[in-house]
Every structure is written in C-alpha cells, then in structure tokens.
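Close look at the chain arrangement
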Amino acid sequence: MSHTAHIPSHRKPRQRASKSALRAGVAGGVLSTIAVAGAAGPAQAEPVTQTIEMPTITSGLSTAVAASAQATQQVALDLETQAREDAAAESAAKKAKKAKAEAVRKAEAEKKAEAAAKARAEAEAQERAERASRTAERTTLSAPSSSSSGDSASASAPSSAPSSSSNATGSAAAIVAFAKAQVGDAYVSGGTGPNAWDCSGLVQAAYRTVGIDLPRVSQSQSTAGTQVSLDNLQPGDILYWGGAGSAYHVAIYVGDGQFVGAQNSSTGTVQRSMDYDRPSGAVRVL
C-alpha cells in the first residue's frame, strides 16, 4: 500500500464530453445572439428617424394637393354654372325673338286684314254712291225728254237689238280686242296700265292702239266725239255716266249690249251687261 493512498485527490473529476459540448453550444448561442443584436441595433435606428420625419412632409403635401384639387373642382363648378347660365340666356333670347317675330307677323296679318276689309267697305260704298248718282243723273236727264216729241223719246229708248261685236271691223275691232284683253286687271285710281287701270286710263290706252290720242280724264272723253243715242251704239263707242262734259265714269262698248270698263278697286276691270249699270250717254270717235 502506498503511503499516499489515504490522501484524497484534489483534482476534480473530468466532466463528460457531452456536458462540455452542451455548455460550449449554449455559450456560442448566447454570444451569437449578442452579436446579432449588436449588429441589428444600428441598422434599425436610422429607419426610426426617417419614420418620425416622413409624416410631417406627407401631411404638408397632402394639404397642398387637397387644396389644389378643391380649387380645381371649384373652377370646374364655376365654369359649368356659367355654361348653364349662358345656355339658359341664349335659349331665353331665342324664345323671346321667336315670340316677337310671331307677334309682329300676327300684327301685320291683322293690319292687312283690316286694310282689306276697309278697302272692300270703301269700294262697296263707292259703288253704291256711284249707282245712286247715276240713277239721279238719269232721272235728271230723262225729265226734259218727257216733254219732247215722240221721236226724241223713241231715240232715247234702249235698242231692242244692240249691235253685235261681230260687226266691229278695222279700228273698232282693235279697240274692242284691246279692252277685252284687260278684263281681270286691277283698278287703281290714276292707273294707265299695263296691268292696272282707272276708267279713263283704260279708254285712252284702247284708242291709242289705233293711233288716236284721247284726253286723259272722263269729263273730257265724254265730249271727245259725236254724241250718239244708246239705241244706236256701235262697238268701240265710248259710254259715259253723268253729264256730257261732267262725266264721272267711262267705258267702252264692245257689242252685244255689253261694255268693258275699269269699275272700282273691288271689281277691277270687268265686262258687264249694260243692264248692270245703265250709262247716261255715249260718244263716237271713229
């Protein structure tokens, strides 16, 4: 037995290899964690600084953009409102113009209708007055003839067989043809043709076709030729109403008991029977 056998050993027993490895792994993990944390710390600090500053910049830009958008929207609304107002004003102006034109048209139509009615009334009144005057004139002219001889009374009586237009020859035929060609033309006081006449203007123009110049007015035309009785008329003779030298109306005898004359503004130029309005006398120029 050794002299040192009873002295216990101060050396610690050797730990097992597995435990040493475990401890080494744990230590390595801790050191790795610390290293990772230390490396990650500086990298995360800068993003935090940027994140704190960015909301302020973004807020200012958002406010400016919002204000710009609002201003743009307001301008658009103003333009749209102005466009609507302009369109409404234009539409109202067109309607007012159309209404005014329609009112003017109606007023003119009513004015024309009133003028036409007034002209017809005046023409009818004139024709009635002329008929009354002719009746009075015939009554005055017939009074002396009642005390004259039987031959004179017979001479003033109307012919039972008036001359026929077929008997017209030469200048008389030309005068009759011209007068008949104007039937339907208008009556205009002072008218001398070619499409509007008064009574003496038509007679003067008819005789001018055969080279005969008559006086212009009915009073002078009623004494321009030889006085003839109404029962001895020939085509082309001038008929007159009123006294010789004071006649107020003339026409042209065209045969078959008819005459052509520019009567008045209501009837115009017509061909009528002598029974329609009996003339006072007649003259023969040819």
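Each residue is numbered by its place in its chain's sequence as written, counting from 1. In keeping with the predicted nature of the model, local features appear solely for residues at pLDDT of at least 70, side-chain atom pairs appear and are counted solely at 80 or more, and the whole-chain, interface and lining totals rest on all residues. Note that the side-chain values use all heavy atoms of the structure and ignore hydrogens as well as water.

**What to know about the overall build of the protein**
- From N to C terminus, the protein includes 5 helices and 8 strands.
- Put simply, DSSP marks the helices as runs of H or I at least four residues long and the strands as runs of E at least two long, and each gets a number from the N terminus on. Starting at the N terminus, the α and β elements of the protein follow one another as α-α-α-β-β-α-α-β-β-β-β-β-β.
- Looking at the protein residue by residue over its 286 residues, the buried ones come to 23%.
- Partitioning the intrachain contacts of the protein with sequence separation of at least 6 by distance along the chain shows that 60% fall at a separation of at least 24.
- Surface exposure here means Shrake-Rupley accessible area, sampled with a 1.4 Å probe, where a residue is shielded only by the protein chains that are shown. Split by element, the accessible area of the protein, about 18300 Å² in all, is 58% carbon and sulfur. Between buried and exposed lies partly exposed: a residue is buried under 20% and exposed over 50% of the maximum accessible area for its type, with that area taken using a 1.4 Å probe on protein chains only. Residue contacts are counted whenever heavy atoms from the two residues lie within 4.5 Å of one another.

**Considerations on the sheet that holds strand β5 (residues 249–255)**
- In this scheme, strands are said to pair when DSSP sees at least two bridges between them. A sheet is described by the order of its strands in space; here 6 strands give the open sequence β3-β8-β4-β5-β6-β7, paired in antiparallel fashion. In this open sheet, the two edge strands, each paired with only one partner strand, are β3 (226–228) and β7 (268–273). Averaged over neighbouring strand pairs, the angle between their axes works out to 35° when direction is ignored.
- Relative to strand β6 (residues 258–264), β5 runs antiparallel, the two sharing 3 bridges. Residue Gly 255 lies in a different strand from β6, and its bridge partner there is Gln 258.
- Against the sheet, helix α4 (residues 199–208) engages β4 (238–241), β5, β6 and β7, with an angle of about 45° to β5. In this analysis an axis means a line fitted to C-alpha atoms, helices contributing only their contacting stretch, and an angle means the value between N-to-C directions, from 0 to 180 degrees.

**Brief notes about the pairing of strand β8 (residues 281–284)**
- Of the two faces of β8, the one lined by Gly 281 and Val 283 and the one lined by Ala 282 and Arg 284 are each fully buried.
- Pairing geometry for β3 and β8, over 3 bridges, is antiparallel. Paired with Thr 226 across the strands is Arg 284, a residue of β8.
- As paired strands, β4 and β8 are joined by 3 bridges and run antiparallel to one another. Pairing of Leu 239 across the sheet is with Ala 282, part of β8.

**Thoughts on the environment of Ser 229**
- Here Ser 229 lies in the loop between β3 and β4.
- For Ser 229, a relative accessible area of 26% puts it in the partly exposed group.
- Sequence separation between Ser 229 and Val 283 is 54 residues; the distance between their C-alpha atoms is 8.4 Å.
- Among the polar contacts made by the side chain of Ser 229, one reaches the side chain of Asp 231 at a distance of 2.3 Å. In protein, a polar contact means a hydrogen-donor-capable atom and an acceptor-capable atom, both N or O and within 3.5 Å, with residues adjacent in sequence counting only if both atoms are side-chain atoms; elsewhere, any N or O pair within 3.5 Å suffices.

**Here's the deal with the pattern of salt bridges**
- Here, a salt bridge means any side-chain nitrogen of Lys or Arg that lies within 4 Å of a carboxyl oxygen of Asp or Glu. Across all of its chains, the model carries 7 salt bridges by this definition.
- Arg 84 is the partner of Glu 80 in a salt bridge, and the nearest nitrogen-oxygen pair spans 2.7 Å. Of this pair, Glu 80 and Arg 84 both sit in helix α1 (residues 17–145), 4 residues apart, which is roughly one turn of the helix.
- With relative accessibility at 38%, the residue Glu 80 sits in the partly exposed group.
- By relative accessible area, which is 58% here, Arg 84 ends up exposed.
- Taking the shortest distance from any N to any O, the salt bridge between Glu 90 and Lys 94 comes out at 3.6 Å.

**Thoughts on the nonpolar core**
- Remark: nonpolar core denotes a set of buried residues (Ala, Val, Leu, Ile, Met, Phe, Trp, Tyr, Cys) joined through side-chain atoms within 4.5 Å. Residues Val 203, Tyr 207, Ile 238, Val 250 and Ile 252 are the most contacted members of the largest nonpolar core, which totals 21 residues.
- The contact partners of Val 250, leaving out residues within four places of it in the chain, are Cys 199, Ser 200, Val 203, Ser 218, Gln 221, Ile 238, Leu 239, Tyr 240 and Trp 241.
- If you look at the next biggest cluster of nonpolar residues, it comprises 10 residues, including Val 228, Leu 230, Trp 241 and Met 274.

**Let's talk about the pairing of β7**
- Of the pairings in the sheet, the one linking β6 to β7 comprises 6 bridges and is antiparallel in character. Within β7, the residue paired with Val 260 across the bridge is Gln 271.
- Hairpin remark: β6 followed by β7, antiparallel, with 3 residues in the connecting loop.

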